[in-house]
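Here's the letter readout for the chains.
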Amino acid sequence: MTSGIGAGPDIPNSIYKVASSAGVYEHLQGGCDTWEPDRLAATDAATAAPSIIAAAWINRDFLLRSVLYSLDLGVAQFLDLGCGYPGSTNVYDATRRVLPQGPVVYVDHDPRVYAHARCALEDGPGAFAVYADILAMDQLLTDPVVQSAFDMTRPVAVLLHDVLPWCPDDDAVHESLSVLRAWMPAGSTLSITHLTGHWQPDSMSAAAAAYTRHGLPCRPRSEREIAALFGDFVQQGPGLTAVGRWPEDGPYRTASPSRSAAFAGVAVKPVQGGEA
């Protein structure tokens, strides 16, 4: 099942000449779905900030922890925004163990990622891939697949993991998140991981500059700026903290927060809450 937006474009040859955020993330984790511009950008950024290699693995591990947390809260519908290339464990792999029919919608604006998602992630009932841009949130949320997949009388878990740093326009990000939060039913969970210079300001600034030189603008944000992305949603567990410290008893609890290079938070939309 695919949508009008999700039908996907032809992939022009020019796209292989520039780095992509998904390709960089894939290379940092030792994956093979990359092209030379991705590898060059990732290598230059990792030279400036070696911790981003460990951070990529920690961030990927957090995906499963976040999904299981939402499932424990009784949230059975998932929207993975900026899903990236398929990994060894994806959202649907976790949810179908508990809820085989629970809907999972994967979204990405990179045509290469979308092609992989169609092949590898639409692997069971209720799993769909959509080609869309998170900064065009109104269009994304009115996509026929999104509209038909979710029961809007029930909560939805939305994942935005290592996506927003690649959107440097603060106004566009806040507008998109405002539309998203308003759409989410009460009781929904919003899970965000976001690159930051909080622990290593100089090296993260240098890494972001390296990405930008490769045509991939990157915007690390501060703890306060990342917290604002949740609006009035209520932070869960340890609150907004280093990815490896969420939850507090997770597998990276003894690792330095600087190894995460990013904040993570999972927040719930209040039953009586509106937009902040």
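Provided above is the structure to which this section pertains.
Here the residue numbers are simple positions, counted from 1 along each chain's written sequence. Per-residue local features are limited, in this predicted model, to residues with pLDDT of at least 70; the limit for side-chain atom pairs, both in listing and counting, is 80 or more; totals at the level of whole chains, interfaces and linings are taken over all residues. Values reported for side chains reflect all heavy atoms of the structure, with hydrogen atoms and water molecules removed beforehand.

A. Structural detail: the nonpolar core. If you look at the biggest cluster of nonpolar residues, it comprises 36 residues, and the most contacted ones within it are Leu79, Leu81, Leu160, Leu180, Trp183 and Leu190. Here a helix means four or more residues in a row that DSSP labels H or I, a strand means two or more in a row labelled E, and each is numbered from the N terminus. A per-element tally of this core places helix H8 (residues 170-183) first, with 5 residues. The residues touching Leu160, leaving out its near neighbours within four places in the chain, are Leu81, Ile134, Leu177, Leu180, Leu190, Ser191, Ile192 and Thr193. In these notes, a set of buried Ala, Val, Leu, Ile, Met, Phe, Trp, Tyr and Cys residues joined through side-chain atoms within 4.5 Å is what counts as a nonpolar core. Categorising residues by exposure relies on relative accessible area from a 1.4 Å probe, with only protein chains included: less than 20% of the type maximum marks a residue as buried, more than 50% marks it as exposed, and the intermediate range marks it as partly exposed. Core analysis: the second largest hydrophobic core is formed by 22 residues, Ile52, Ala55, Trp166 and Ala208 among them. In what follows, residue pairs with any heavy atoms lying within 4.5 Å of each other are defined as contacts.

B. The side chain of Arg181, seen in detail. Mapped onto the elements, Arg181 comes out in helix H8. With a relative accessible area of 6%, Arg181 lands in the buried category. Within the structure, Arg181 has its side chain in polar contact with the backbone oxygen of Leu229 (distance 2.9 Å). Definition of a polar contact: a pair of N or O atoms within 3.5 Å, with one able to donate and the other able to accept a hydrogen when the atoms are protein atoms, and with sequence-neighbouring residues admitted only if both atoms are side-chain atoms.

C. Molecular detail of the layout of surface pockets. Method remark: on a 1 Å grid restricted to protein atoms, a set of points is classed as a cavity if a 1.4 Å probe fits but cannot get out and as a pocket if it is open with protein on both sides within 12 Å along at least five of seven lines; lining residues have an atom within 4 Å of a point. Grid points are joined across faces, edges and corners, and a volume is the space filled by probe spheres set on the points. As a volume, the largest pocket reaches approximately 680 Å³. What lines the largest pocket is a set of 38 residues, among which Ser21, Ala22, Asp108, His109 and Trp166 lie closest to the centre. Residue composition of the lining of the largest pocket, by class: 22 nonpolar, 9 polar and 7 charged. In this structure, the second largest pocket spans a volume of roughly 320 Å³. Every residue lining the second largest pocket is counted, 17 residues in all, and those nearest its centre are Gln29, Trp57, Arg60, Gly87 and Ser88. The set of elements that each furnish at least two residues to the lining of the second largest pocket consists of helix H1 (21-28) and helix H3 (51-72). Residues are sorted three ways: Asp, Glu, Lys and Arg are charged, Ala, Val, Leu, Ile, Met, Phe, Trp, Tyr, Cys and Pro are nonpolar, and all the rest, Gly among them, are polar.

D. Representation of empty space enclosed by the protein within the structure. Under the definition given, this model contains 1 cavity of 30 Å³ or more. By volume, the largest cavity amounts to about 190 Å³. Here the residues of the lining of the largest cavity sort into 11 nonpolar, 5 polar and 1 charged.

E. Summary view of the pattern of salt bridges. The salt bridge definition used is simple: a Lys or Arg side-chain nitrogen within 4 Å of an Asp or Glu carboxyl oxygen. In this structure the tally under the stated criterion is 6 salt bridges. The partner of Asp61 in a salt bridge is Arg65, with the nearest N and O atoms 2.8 Å apart. Highlighted residues: Asp61 and Arg65, both in helix H3, separated by 4 residues, approximately one helical turn. A residue is classified by how much of its surface remains accessible, and Arg65, at 13% relative accessible area, is buried. Through salt bridges with shared partners, a single network forms among Asp170, Arg219, Arg221 and Glu225.

F. A look at the packing of aromatic side chains. Only the six-membered ring of Trp is used, alongside the rings of Phe and Tyr, when aromatic pairs are assigned; centres must lie within 6.5 Å, and planes under 30 degrees apart are stacked while those over 60 apart are edge-to-face, with the rest tilted. Counted according to the given criterion, the structure contains 6 aromatic pairs. Considering the side-chain rings of Tyr69 and Trp246, the 5.1 Å spacing of their centres and the 85° angle between planes classify their relative orientation as edge-to-face. On the criterion of sequence distance, the pair formed by Tyr69 in helix H3 and Trp246 in the loop between strand S7 (241-242) and strand S8 (262-268) is long-range, its members being 177 residues apart. On the basis of relative accessible area, Tyr69 is assigned to the partly exposed category, the value being 22%.

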